[in-house]
Amino acid sequence: MTHSKLFRLTPVGVALVALLTGLPASVAEEAEHAFVGTKKCKKCHLKEYKSWAETKMAKTFEVLKPEIRAEAKVAAGLDPAKDYSTDATCLPCHTTGYGKEGGFVD
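Summarised in this report is the structure supplied together with it. Residue positions are given per chain, counted from 1 along the sequence in the order it is written. Given that this is a predicted model, residues contribute local features only at a pLDDT of at least 70 and side-chain atom pairs are listed and counted only at 80 or more, while totals for whole chains, interfaces and linings are drawn from all residues. Heavy atoms throughout the structure, all of them, feed into the side-chain values; hydrogens and water do not.

Looking only at helices and strands, the chain has 7 helices and 0 strands in total. Per the convention used, a helix needs a DSSP run of H or I reaching at least four residues, while a strand needs a run of E reaching at least two, with both numbered from the N terminus. If you list the helices and strands of the chain from N to C, you get α-α-α-α-α-α-α. Split into buried and exposed, the 106 residues of the chain put 20% on the buried side. Restricting to contacts in the chain with at least 6 residues of sequence separation, those with at least 24 account for 32%. All accessible areas in this document rest on Shrake-Rupley with a 1.4 Å probe, and a residue is counted as covered only by the protein chains that are shown. Entry remark: accessible area of the chain is about 7,800 Å², with carbon and sulfur atoms responsible for 61%. The buried label applies to any residue whose accessible area, calculated with a 1.4 Å probe on protein chains only, is under 20% of its type's maximum; exposed applies above 50%, and partly exposed to all values in between. Two residues form a contact once any of their heavy atoms are found within 4.5 Å.

This part takes up the pattern of salt bridges. Should a side-chain nitrogen of Lys or Arg be within 4 Å of a carboxyl oxygen of Asp or Glu, the pair is scored as a salt bridge. Under the counting rule described, the total for this entry stands at 2 salt bridges. The closest approach of N and O atoms between Lys65 and Glu62, which form a salt bridge, is 2.9 Å. For Lys65, a relative accessible area of 31% translates into the label partly exposed. A salt bridge links Lys82 to Asp87; its shortest N-O distance comes to 3.8 Å. Using a relative accessible area of 38% as the deciding quantity, one classes Lys82 as partly exposed.

What follows is about the environment of Lys59. In this fold, Lys59 is placed in the loop between α5 (46–53) and α6 (70–75). What makes Lys59 partly exposed here is its relative accessible area of 37%. In sequence terms Lys59 and Thr95 are 36 residues apart; their C-alpha atoms lie 9.5 Å from each other. Excluding residues that lie within four positions of it along the chain, Lys59 makes contacts with Ala53 and Glu54.

Before going further, it helps to spend a moment on the environment of Asp83. Within the secondary structure layout, Asp83 lies in the loop between α6 and α7 (91–94). With residues up to four places along the chain from it excluded, the contact list for Asp83 reads Leu64, Lys65 and Pro66.

Keep in mind that these numbers describe shape and distance, not what the molecule does.
Set out below in structure tokens:
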């Protein structure tokens, strides 16, 4: 499966973009790869942001840093001392919109 297929929005994803941006679903679908970032979402959705911020998903980028979750990295055959935060093979799954317009930039 290519990365472009991994990041295609499902109907639920389109609805979520519409909800978070306040756009009608048809406009949100056209802006399929419009990433706004958590700071923008937080402005209107503070309660949801605070809840999300406590999840593992909110901290996936931190796992890429050296010595973070070292045991898990060793178990996966990775070097726990290495900084993976600029590794292009890790960033598509540990960031939002990597390689897409408006997405994560390393």
